[in-house]
Amino acid sequence: MEFAELIKTPRVDGVVLHRPFMPTVEGTLCLTGHHLILSSRQDNTEELWLLHSNIDSIEKRFVGSLGTIIVKCKDLRVIQLDIPGMEECLNIANSIEALSTLDILSLMYPFFYRPMFEVIEDGWKSFLPLDAFKDLETMTDEWRLSEVNKDFSVCPSYPPLVAVPKDIDDDTLRKVASFRHGGRFPVLSYYHKKNGMVMMRSGQPLTGTNGRRCKEDEKLINATLRPGKRGYIIDTRTINVAQQAKARGGGIESEANYPQWRRIHKAVERSNVLQESLIKLVEACNDQSHSMDRWLSKLEASNWQTHVKEILTTACLAAQCIDREGASVLVHGTEGADSTLQVTSLAQIILDPACRTIRGFQSLVEREWLQAGHPFQQRCAQSAYSNSKPRQEAPVFLLFLDCVWQILRQFPCSFEFSESFLVLVFEHSYASQFGTFLGNSTAERAKLSLPEKTVSLWSWVNRPQELERLTNPLYEANSLVIWPSVAPQSLLLWEGVFLRWNRSSKCLDEAYEEMVHIIEYNKELQNKVNSLRRQLAQLETEDPLLQT
């Protein structure tokens, strides 16, 4: 297919651009196969280069012969184009809609992008499983790197190399894979150097209504336990949802077959609920017509902050089991590729200081999201503005980044990277010139030859000038475990993402923060008053003079 077939009007003069926090610009609008470009001959005016893949939806309006296109982007930006001529406006709008909804991966911009910078480090080779395993070997000899999935036949969403207990052979792994959802058998997610405890992740067991058993599965996860120790299975579903899964062939680990494991259910919302929550949140943030009370009510109704709290709470539980209880942990939900990864990656942020560095965080995203099979292509196909009915879209990764920001805000000196780095990763996960987040799995990326045909985001980020921009000036290496607060007053709306394009909402957010601080202060004041009352009551019982 030729891009030219989709571009009815490639160029229009006299187009007026309106965008947040920038002056109005008049110039020439050009459409290419991958970009919407507006260029002006005015001095000191920044050109607009917008990837079609960053466009979530458009709206068309007409007043006489003047047409207006409202472009709503996946990074939550909203821009307006005033185009002279109804026919030109319709042609431009139709072309944008066609180009922004192309779902043929090989036609995406990363395959055509040629970097203008010198590639000092090939990001595709920076965080390979073999390198991570070499680090593990310096701490323990109880694990091995298995090639059982080298052709992706055992588990299509796993990488070719996975870390498993040393005493478990590949034939056993194949049997366990047939007992776990999507073939996602338990694999090593994290090794806690302090006490040798581990965190594993997997898909749900396929016990079904008949209570199917797999002794190889029991053997695999029991191989991670120390003599006389118990482990914890953290299921990110409610007990009812987990029980209902049996009717569809799924299920839970029964206590009878896994006596050394205690199962804990910590409900983390499914992907379809998260997408609806994001839509409501962005709608609330963009609504400037209501009072503070109404705005806060809409914000609360989105339930976004509730989801942040749920995930952070579950991650803290996993970290507590490992660090304080001295127990190994297995995390799974249904598929093990969404909420499971949120929990395992956030637990590592809490436990492992290396994950709070720039390179360590890149490695975490590679291990726990990209190589672990989070379906980025499906989940990030739409953002908050899309008019089409959600299919498999969900802001799972954005919610993870929001949780990281919450911890960063509470521990501002413990992270090497700044908020800007998290925002950058968010933007590129939805639309990018780099190939890092294309595809749904390592298998898909290998089939598309992404490492050979595209540039990695990390190649750009790890240049000295970019690292300097993204580094947190307050950073002081902290080797301790950090425990974030999940109290309501400790979790704030991520202004850097949800309010950065909205000046009025920024003012509201400042007022919201101030209100939270006032509420917190009033609670402290009330606690002090209650304490004084108790002390006075105690004195009255002890001193008869006070009683009179």
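For the structure itself, consult the block above.
Residues numbered from 1 in each chain as written. Predicted model: local features only at pLDDT ≥ 70, side-chain atom pairs only at ≥ 80, totals over all residues. Heavy atoms only, no water.

Engineer: Before we go on, may I ask you to explain the overall build of the chain in this structure?
Structural biologist: A count of helices and strands for the chain gives 20 helices and 14 strands. The globule rule puts the C-alpha radius of gyration for 548 residues at 24 Å, and the 26 Å found for the chain is close to it. Within the span of the chain, comprising 548 residues, buried residues form 53% of the whole. At a minimum sequence separation of 6, the contacts of the chain that also span at least 24 residues come to 69%. Accessible surface, the chain as shown: approximately 25100 Å² in total, 51% of it carbon and sulfur. Positive and negative side-chain charges of the chain, numbering 60 and 69 respectively, have mean locations separated by a distance of 6 Å. (Helix = DSSP H or I, 4+ residues; strand = E, 2+ residues; numbered from the N terminus. Rg over C-alpha atoms; globule rule 2.2 N^0.38 Å. Buried < 20%, exposed > 50% of the residue type's maximum accessible area, 1.4 Å probe, protein only. Contact = heavy atoms within 4.5 Å. Areas by Shrake-Rupley, 256 points an atom, 1.4 Å probe, with all protein chains shown as cover. Lys, Arg positive; Asp, Glu negative; His and termini not counted. Charge placed at Lys NZ, Arg CZ, Asp CG, Glu CD.)

Engineer: What should I look at first to understand the side chain of Asp235 in this one?
Structural biologist: In this fold, Asp235 is placed in strand S12 (residues 231-235). Among the residues examined, Asp235 registers a relative accessible area of 0% and is labelled buried. Residues contacting Asp235, with those up to four places away along its chain left out, are Ala242, Ile252, Ile264, His265, Lys266, His332 and Gly333.

Engineer: Quick question: what am I supposed to make of the pairing of strand S3 (residues 35-39) here?
Structural biologist: A regular strand places its side chains on the two faces of the sheet in alternate fashion. Among the 5 residues in S3, 4 count as buried, and that is most of the element. Direction of pairing for strand S2 (residues 22-31) relative to S3: antiparallel, over a ladder of 4 bridges. Paired with Leu31 across the strands is Leu36, a residue of S3. The pairing of S3 with strand S4 (residues 48-51) spans 4 bridges and is classified as antiparallel. (Pairing = 2+ DSSP bridges.)

Engineer: In this structure, what is going on with the pattern of salt bridges? I would like to understand it.
Structural biologist: Note on pairing: side chains with opposite charge can pair once their charged atoms come close. For the coordinates displayed, the defined rule picks out 23 salt bridges. With its nearest N and O atoms 4.0 Å apart, the salt bridge here joins Glu97 to Lys60. Placement of Glu97 in helix H1 (residues 86-100) and of Lys60 in strand S5 (residues 55-63) is noted, with a sequence separation of 37 residues between them. If you follow the salt bridges from partner to partner, you end up with Glu59, Arg61 and Lys72 in one network. (Salt bridge = Lys/Arg side-chain N within 4 Å of Asp/Glu carboxyl O.)

Engineer: Help me understand the sheet that holds S12 in this model?
Structural biologist: As a general point, the strands of a sheet are linked pairwise by backbone hydrogen bonds and lie either parallel or antiparallel. Read across the open sheet, the 5 strands follow the order S10-S11-S14-S12-S13; overall the sheet is mixed. Two strands in the sheet have a free side with no partner beyond their single neighbour: strand S10 (187-191) and strand S13 (261-265). Across the sheet, the axes of successive neighbouring strands diverge by a mean angle of 25°, strand direction being ignored. Sheet topology note: the S10/strand S11 (residues 198-201) ladder contains 4 bridges and is antiparallel. For Tyr191, the partnering residue across the bridge sits in S11 and is Val198. The strands touched by helix H9 (residues 339-351) are S10, S11 and strand S14 (329-332); relative to S11, the strand with the most contacts, the crossing angle is about 160°. (Axes fitted to C-alpha atoms, helices over the stretch in contact; angles between N-to-C directions.)

Engineer: Any chance you could explain the packing of aromatic side chains here in plain terms?
Structural biologist: Each aromatic ring pair is described using two quantities: the centre-to-centre distance and the angle formed by the ring planes. Going through the model one piece at a time under the given rule, you end up with 20 aromatic pairs. For the ring pair Trp369 and Phe400, a centre distance of 5.1 Å and an interplane angle of 40° mean the geometry is tilted. Of this pair, Trp369 sits in helix H10 (residues 358-370) while Phe400 sits in helix H12 (residues 396-410), placing them 31 residues apart in sequence. Neither residue differs from the other here; Trp369 and Phe400 are each classed as buried. (Phe/Tyr/Trp six-rings, centres within 6.5 Å; stacked < 30°, edge-to-face > 60°.)

Engineer: Teacher, can you tell me more about the state of the cysteines here?
Structural biologist: What makes a disulfide is a covalent bond joining the sulfur atoms belonging to two cysteines. Applying the stated criterion to the full structure yields 0 disulfides. No disulfide involves Cys155; its nearest neighbouring cysteine sulfur is the one of Cys214, lying 15 Å away. (Disulfide = S-S within 2.5 Å.)

Engineer: In this structure, what is going on with helix H7 (residues 292-301)? I would like to understand it.
Structural biologist: Three or four residues apart is the spacing at which side chains of an α-helix point the same way, because the helix has 3.6 residues per turn. Among the residues making up H7, those that are buried are Trp295, Leu296, Lys298 and Leu299. One face of H7 carries all of its buried residues, which in axial projection span an arc of 160°. For H7, exposure combined with an orientation more than 90 degrees from the buried face picks out Asp293 and Glu300. Just downstream of H7, Asn303 is the residue with a positive phi angle, here 65°. (Arc of directions from axis to C-beta.)

Engineer: Just to check I follow, could you spell out the sheet that holds strand S6 (residues 66-73) for this structure?
Structural biologist: Spatially, 7 strands are ordered S4-S3-S2-S1-S7-S6-S5 in an open sheet, and the strand pairing comes out antiparallel. Looking at which strands have only one partner, the edges of the open sheet turn out to be S4 and S5. For this sheet the average axis-to-axis angle between neighbouring strands, irrespective of direction, equals 30°. One ladder, built from 3 bridges, connects strand S1 (residues 11-19) with strand S7 (residues 78-84); its direction is antiparallel. Residue pairing across strands places Leu17 opposite Leu81, the latter belonging to S7. Of the strands in this sheet, S1, S2, S3, S5, S6 and S7 are in contact with H1, which crosses S5 at around 170°.

Engineer: I'm lost on the side chain of Arg201 in this one. Help?
Structural biologist: Note on placement: Arg201 falls in strand S11. A distance of 3.5 Å separates a polar atom in the side chain of Arg201 from the backbone oxygen of Arg367. (Polar contact = N/O pair within 3.5 Å; in protein donor to acceptor, adjacent residues only side chain to side chain.)

Engineer: Would you explain the packing of H10 against H12 in this entry?
Structural biologist: The description of two helices packed together rests on the angle between their axes and the distance between the axes. Axis separation between H10 and H12 bottoms out at 14 Å; the angle between their running directions is 145°. In this structure, the crossing between H10 and H12 has a hand that is right-handed. Every residue of H12 that contacts H10 at Phe361, Leu364, Val365 and Trp369 is listed here: Val396, Phe397, Phe400, Leu401 and Val404. For the contact of H10 with H12, the class distribution of residues is 9 nonpolar, no polar and no charged. (Left-handed = near helix turned anticlockwise from the far one by under 90°. Nonpolar A, V, L, I, M, F, W, Y, C, P; charged D, E, K, R; others polar.)

Engineer: Got a minute to help me understand the environment of Ala98 in this structure?
Structural biologist: Structurally, Ala98 can be placed in helix H1. With 85 residues separating them along the chain, Ala98 and Asp13 place their C-alpha atoms 21 Å apart.

Engineer: Explain the nonpolar core here, please?
Structural biologist: Taken as a class, soluble globular proteins show a tendency for nonpolar side chains to be buried jointly. Judged by nonpolar contacts, the single largest core of 89 residues is most densely connected at Phe361 and Phe498. Residue contacts for Phe361: discarding those within four places in its chain leaves Ile349, Ala354, Cys355, Phe400, Leu401, Val404, Phe417, Phe421 and Leu422. Phe133, Ile168, Leu220 and Leu225 belong to the second largest nonpolar core, which has 29 residues in total. (Core = buried A, V, L, I, M, F, W, Y, C linked by side-chain atoms within 4.5 Å.)

Engineer: I keep staring at the packing of H9 against H10 and nothing clicks. Help me out?
Structural biologist: Two numbers describe how H9 lies on H10: the axes approach to 10 Å, and their chain directions differ by 155°. Relative to H10, H9 is oriented roughly antiparallel. Helix-helix and strand crossings are classified by hand; for H9 and H10 the assignment is right-handed. In this structure, H9 uses Leu341, Gln342, Thr344, Ser345, Gln348 and Ile349 to contact H10, whose residues at the interface are Phe361, Leu364, Arg367, Glu368 and Trp369. Looking at the contact of H9 with H10 residue by residue, the class counts come to 5 nonpolar, 4 polar and 2 charged. (Parallel < 35°, antiparallel > 145°, perpendicular 65-115°, else oblique.)

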